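A closer look at the structure
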Amino acid sequence: MDLFTSVENLKGIGPKTAETLKKAGIKTVRDFFYNLPRDYESYQAATSIAAMRPGKVVIRGKIENLTSRKARKRNLSITEGVIRDNTGSIKVVWFNQSYRLRQFAPDKEYYFTGTYELKNGRFQLTSPSAALVSDIDPSSALNPIYVAHGAIRSADFKRLVNNSRDKFAEIPDLLPTVRTGVRKEALFRAHFPNSLKSAENARDYLAYEELFELILAAKLNRRENEKLKATPVPFDAAKVKKFVENLPFKLTNAQRLAAWEIFQNMALDTPMNRLLQGDVGSGKTMVAALAAYEAIMEQKQVALLAPTAILASQHYESMGPLLGKFGVKTALLTGATKGKMQLKKQISSGEVDLIIGTHALLTDDTEFKNLTLVIIDEQHRFGVEQRQKLALKSPDGLAPHLLAMTATPIPRSLQLTIFGDLDVSILNELPKGRQPIETFILPEIESKAKLYPKICETVAKKQQVYWICKAIDDNPRTETTSVKMRAEKLKAMLPKFRIEFLHGRMKAAEKDEIMERFSSGKIDILVSTTVVEVGVDVPNATLMVIENAEGYGLAQLHQLRGRVGRGTAKSYCYLMTTGDAQPSRRLRELEKSCDGFHLAEVDLKLRGPGEIYGALQHGALDLRIASLSDTKLIHRAQVDVGKFLQNDENMLKYKELMRIISKYQQITTLN
Ligand code: ADP
Ligand code: MG
C-alpha cells in the first residue's frame with residue numbers, strides 16, 4: 001500500500017468527501033490513518049437522570065425546547081434546552097454553539113457527555129458532547145470521538161475508518177528500531193481500542209514515532225549546517241570593551257554570556273545558527289547590537305529583519321545613534337522608505353554597514369556587498385522562505401551567520417527536540433531595577449471603580465497607558481469594543497487626557513507618527529490593537545489594560561504585558577474580562593507570574609505542543625500525539641536516533657521516514 005496516495009483511494013471516499021478532507025489537511029492515505037480520535041467515550045457508563053451526581057456524566061435521552069439567545073452586553077450566544085429520559089429531566093446549556101439548534105431530531109435518542117453542575121442556583125448539564133444512540137456500536141466498549149471538519153462530523157469519520165478496517169494490516173513499518181508490526185497495531189488500536197489502556201499504549205508508540213522524526217530532522221539539519229561555509233569574524237576584545245564602556249548602563253550577566261557565545265560562533269568558518277531567547281524586556285536588542293558592532297568593525301555588513309515597520313524604526317532609532325558613535329552607517333528600509341533605489345545602491349556598494357528593515361529588505365533587487373551576519377527579531381513571525389531569502393544574500397558560496405531572537409520562551413523539552421539543531425542563548429535575567437508587573441484580573445463591571453482612578457493616577461505621574469482592544473472597527477454583530485469606539489469613550493470620560501488610537505490597517509507613516517508621539521510622551525493613553533505586541537519599547541508606559549483578555553492566548557498576553565515594566569517605575573496590568581464565567585486558568589496563571597519561561601511550561605501543559613509551536617513559527621508542525629513533556633520517551637527516541645544515524649544506509653532504506661522528516665527539516669532549519 002502506498003501511504004502517500006490520495007485519500008480517494010480508500011473505500012467509501014468519493015471526490016466530494018475527499019475534497020472536504022483535503023481542506024482539513026487530510027490529503028493522503030497516511031494523513032487519514034494518522035487522524036486519531038481526540039478522545040474516547042464510554043457509553044456503558046451512562047446513568048439515568050435521576051441517578052446523576054455532580055461532575056462528569058453520561059446520560060441517554062431525548063432533547064426538547066431548544067432555544068438560542070444572545071447574552072446581554074456580551075459576545076456570547078447561549079443555547080438551552082431540556083434533556084429527558086424516563087426518570088426525569090435536566091436543563092442543558094451550550095455557549096457559542098448555536099449549531100446545536102439544528103443538530104437534534106426531537107424523536108431520536110442521544111448520549112450526552114458533559115459536566116453536571118450547579119449554576120445560578122440550579123443544576124444543569126454544561127456543554128455536553130452529543131452522539132446519536134443509533135450510531136454507537138453497543139459491543140464496542142469505547143467510542144472514538146474525532147474532531148469534526150466541515151460537514152464531516154465525528155460519526156462520519158468513524159464510519160470511514162471502519163470502511164478501511166482491513167487496510168490497517170497493510171501498513172508497513174516505519175522505523176528500524178522497533179518490533180515488526182508495531183506501527184500497524186498501534187494505529188489500529190488508536191482507532192479501535194478495546195480498552196483505555198490499549199488506546200494509551202498505541203498513542204505512546206505513535207508519540208515515540210513522532211519524537212523520533214523530530215529529533216532525526218534536527219540532527220540532520222545540524223549536519224547540513226556544519227557542511228556550509230561562512231566568513232569568520234575574529235573576536236576583537238579591545239574594540240568590544242570600548243563599546244561596552246560607552247553604554248548608558250551595565251550589561252547584565254546574561255547579556256554578557258550571550259554576547260560571548262555569539263562571538264565564539266562568529267569567529268568560526270561554519271555559520272552560526274543561534275537562537276537568542278529572552279523574556280520580554282530582557283534586553284535582546286543590546287545583544288544584537290553587540291554582534292552587529294563586532295561584524296561591522298571587521299568591515300562586514302549586517303542585516304536586521306524586524307516583523308513590523310514600527311519595530312524596525314524603533315531599532316533604527318535606538319541602534320543607529322549607539323553604533324553611529326563608532327562610525328557605523330545605519331539605514332532603515334521599510335515599505336514606506338523614500339528613495340529606495342538610492343539606498344539599495346548604497347547597500348550594494350557597501351556604503352551602508354547595518355540595514356534595518358522589514359520584508360522590504362527581502363526583494364531581489366536588494367543586494368549586499370558582503371552580508372555576513374543576519375539578525376532576525378521575533379523570528380517566529382517569519383516563514384522559512386523569508387529567512388532563506390535573506391540568507392541567500394551573502395556572497396557566493398557562503399552562508400551568513402544567523403542570530404534569531406525570540407521573546408516567546410520555548411520550554412526546555414521543546415528545545416531539546418524541535419530546536420535540537422540550534423544553539424541557544426538564554427537571557428534569563430532582567431536588567432537591574434526592574435520590578436515585576438503587578439497583574440489583576442478585572443471584571444469589566446468593576447472597571448469604573450477600580451481602573452479609572454488608576455489611569456488618572458498614572459497620567460498624573462506623567463506616565464503613560466496602553467489600552468488594548470481586539471477589533472479595529474465597530475461590528476454590530478459582536479459586542480467587542482473596537483479601538484475607535486474605546487478611544488471615543490475614553491475621550492468622553494477623561495476629556496483632559498491626550499488619547500489616540502493605533503491599529504495595523506493605518507498607513508505606515510501614520511503609525512510611525514503616533515508611535516513616535518507616544519514614545520516622546522505626547523500621548524497619555526494609546527488605545528491600540530495588538531500591533532504593539534511585539535518589541536515596542538516605551539519605558540515610560542507603566543499601565544496596560546487588556547480588554548477582552550479571555551480572547552488571547554497565554555503567550556500573547558505575556559507578550560502584550562511586556563510592553564510595560566520596561567523602566568524602573570512600578571508597572572501594572574489589568575486583564576479585563578466580560579461575562580460572569582470564572583476567569584480561565586490562563587488568566588490566573590498570568591496574574592500569579594511574570595516569568596515567561598514558567599508561563600511557557602504552563603502553556604505547554606494547557607494547550608499541547610502543537611499550538612505552542614504554531615505560535616512560534618509559521619507553517620504548522622502538527623504534533624498531534626507526542627507529549628513533549630515526556631522526558632523518558634524523548635530520551636529513548638534520542639538514543640535510537642543516535643543508533644539510526646550511525647548507519648548511512650538507513651537514509652536510503654527508510655524512504656517514508658526520510659520523506660516525512662523533510663517537512664520538519666524545512667521548519668527547523670534556519671540557514
Ligand atoms: P527585549 O528583550 O524585549 O527586546 P529590549 O532589547 O527592547 O528588550 O530592551 C528593553 C529595554 O531595556 C530597552 O529600553 C533597553 O534600552 C533596556 N536595556 C537593555 N539592556 C539593559 C541593561 N543591561 N540595563 C538596563 N537597561 C537595559
Ligand atoms: Mg525586542
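Residues numbered from 1 in each chain as written. Chains lettered and ligands numbered in written order. Predicted model: local features only at pLDDT ≥ 70, side-chain atom pairs only at ≥ 80, totals over all residues. Heavy atoms only, no water.

Further remarks concern the overall build of the chain. For the chain, the count of helices and strands is 22 helices and 20 strands. Radius of gyration (C-alpha) of the chain: 28 Å, near the 26 Å computed for a compact globule of 671 residues. For the C-alpha atoms alone, the extent of the chain along its principal axes is close to 85 × 75 × 40 Å. Expressed as a percentage of its 671 residues, the buried residues of the chain come to 52%. (Helix = DSSP H or I, 4+ residues; strand = E, 2+ residues; numbered from the N terminus. Rg over C-alpha atoms; globule rule 2.2 N^0.38 Å. Buried < 20%, exposed > 50% of the residue type's maximum accessible area, 1.4 Å probe, protein only.)

A few words on the site of ligand 1. Neighbouring ligand 1 are 16 residues; Lys250, Gly281, Thr285, Arg434 and Asp537 lie closest to it. Taking Lys250, its main chain carries an N or O atom lying 2.8 Å from a nitrogen atom of ligand 1. Gly283 is positioned with one of its backbone polar atoms (N or O) 3.1 Å from an oxygen atom of ligand 1. In isolation ligand 1 offers 570 Å² of accessible surface; the protein chains occlude 84% of this area. Looking at the shell around ligand 1 residue by residue, the class counts come to four nonpolar, six polar and six charged. (Near = heavy atom within 4 Å. Polar contact = N/O pair within 3.5 Å; in protein donor to acceptor, adjacent residues only side chain to side chain. Areas by Shrake-Rupley, 256 points an atom, 1.4 Å probe, with all protein chains shown as cover. Nonpolar A, V, L, I, M, F, W, Y, C, P; charged D, E, K, R; others polar.)

Attention shifts here to helix α7 (residues 253-266). Residues lying three or four places apart along an α-helix face the same way, a consequence of the helix completing one turn every 3.6 residues. Over its 14 residues, α7 extends 20 Å from the first C-alpha to the last, a length consistent with the 20 Å expected when each residue adds 1.5 Å. Those residues of α7 not exposed but buried are Ala254, Gln255, Ala258, Ala259, Ile262, Phe263, Asn265 and Met266. Looking at the buried positions of α7, the neighbouring elements they touch are α6 (237-245), β8 (273-278), α8 (284-297), β12 (371-376), β13 (401-406) and β14 (423-427). (Expected span 1.5 Å × (residues − 1). Contact = heavy atoms within 4.5 Å.)

Now for the packing of α7 against α8. Closest axis-to-axis distance for the α7/α8 pair is 10 Å, and the angle between their directions is 30°. As far as their axial angle goes, α8 and α7 are roughly parallel. Between α7 and α8 lies a crossing whose hand is right-handed. Only Met286, Val287, Leu290, Ala291 and Glu294 of α8 make contact with α7, whose side of the interface consists of Gln255, Ala258, Ala259, Ile262, Phe263 and Met266. (Axes fitted to C-alpha atoms, helices over the stretch in contact; angles between N-to-C directions. Parallel < 35°, antiparallel > 145°, perpendicular 65-115°, else oblique. Left-handed = near helix turned anticlockwise from the far one by under 90°.)

Turning our attention to unusual backbone geometry. One non-glycine residue, Asn96, adopts positive backbone phi at about 50°. Judged by its relative accessible area of 48%, Asn96 is partly exposed. A positive phi angle, close to 40°, is found at Ser127, a residue other than glycine. Mapped onto the secondary structure, Ser127 falls in strand β6 (residues 122-132). Judged by relative accessible area, Ser127 falls into the partly exposed class, the value being 34%.

Our focus in this paragraph is the packing of aromatic side chains. Counting across every chain of the model gives 23 aromatic pairs. Ring geometry for Phe168 against Phe192: centres 5.9 Å apart, planes inclined by 75°, an arrangement best described as edge-to-face. Note that Phe168 is positioned in the loop between α3 (154-163) and α4 (182-191) and Phe192 in the loop between α4 and α5 (196-227), a separation of 24 residues in sequence. On the accessibility criterion, Phe192 (14% relative accessible area) is buried. By the ring-pair criterion, three or more aromatic residues cluster together here, those being Phe32, Phe33, Phe168, Phe188 and Phe192. It is Lys470 that lies over the ring of Tyr552; its NZ or CZ is 4.1 Å from the centre. (Phe/Tyr/Trp six-rings, centres within 6.5 Å; stacked < 30°, edge-to-face > 60°. Lys NZ or Arg CZ within 6 Å of the ring centre and 35° of its normal.)

Summarising the sheet, strand β10 (residues 330-333) and strand β11 (residues 354-357) pair through four bridges and their orientation is parallel. The residue bridging Leu333 from the neighbouring strand is Gly357, located in β11. In terms of handedness, the path from β10 via helix α10 (residues 340-349) over to β11 forms a crossover that is right-handed. (Pairing = 2+ DSSP bridges. Right-handed = clockwise from strand over helix to strand, strands pointing away.)

As a further point, take the environment of Phe192. With 191 residues separating them in the primary sequence, Phe192 and Met1 have C-alpha atoms 20 Å apart. With residues up to four places along the chain from it excluded, the contact list for Phe192 reads Val161, Asn162, Arg165 and Phe168.

Now for the sheet that holds strand β15 (residues 438-443). Read from one edge of the open sheet, six strands run β15-β20-β19-β16-β18-β17, paired in parallel fashion. Two strands close off the open sheet at either side, each with one partner strand: β15 and β17 (499-502). Neighbour-to-neighbour, the strand axes of the sheet open up by a mean angle of 20°, direction not taken into account. With respect to the sheet, helix α15 (residues 508-519) is in contact with β16 (464-468), β17, β18 (525-528) and β19 (541-546), its orientation differing from that of β17 by roughly 140°.

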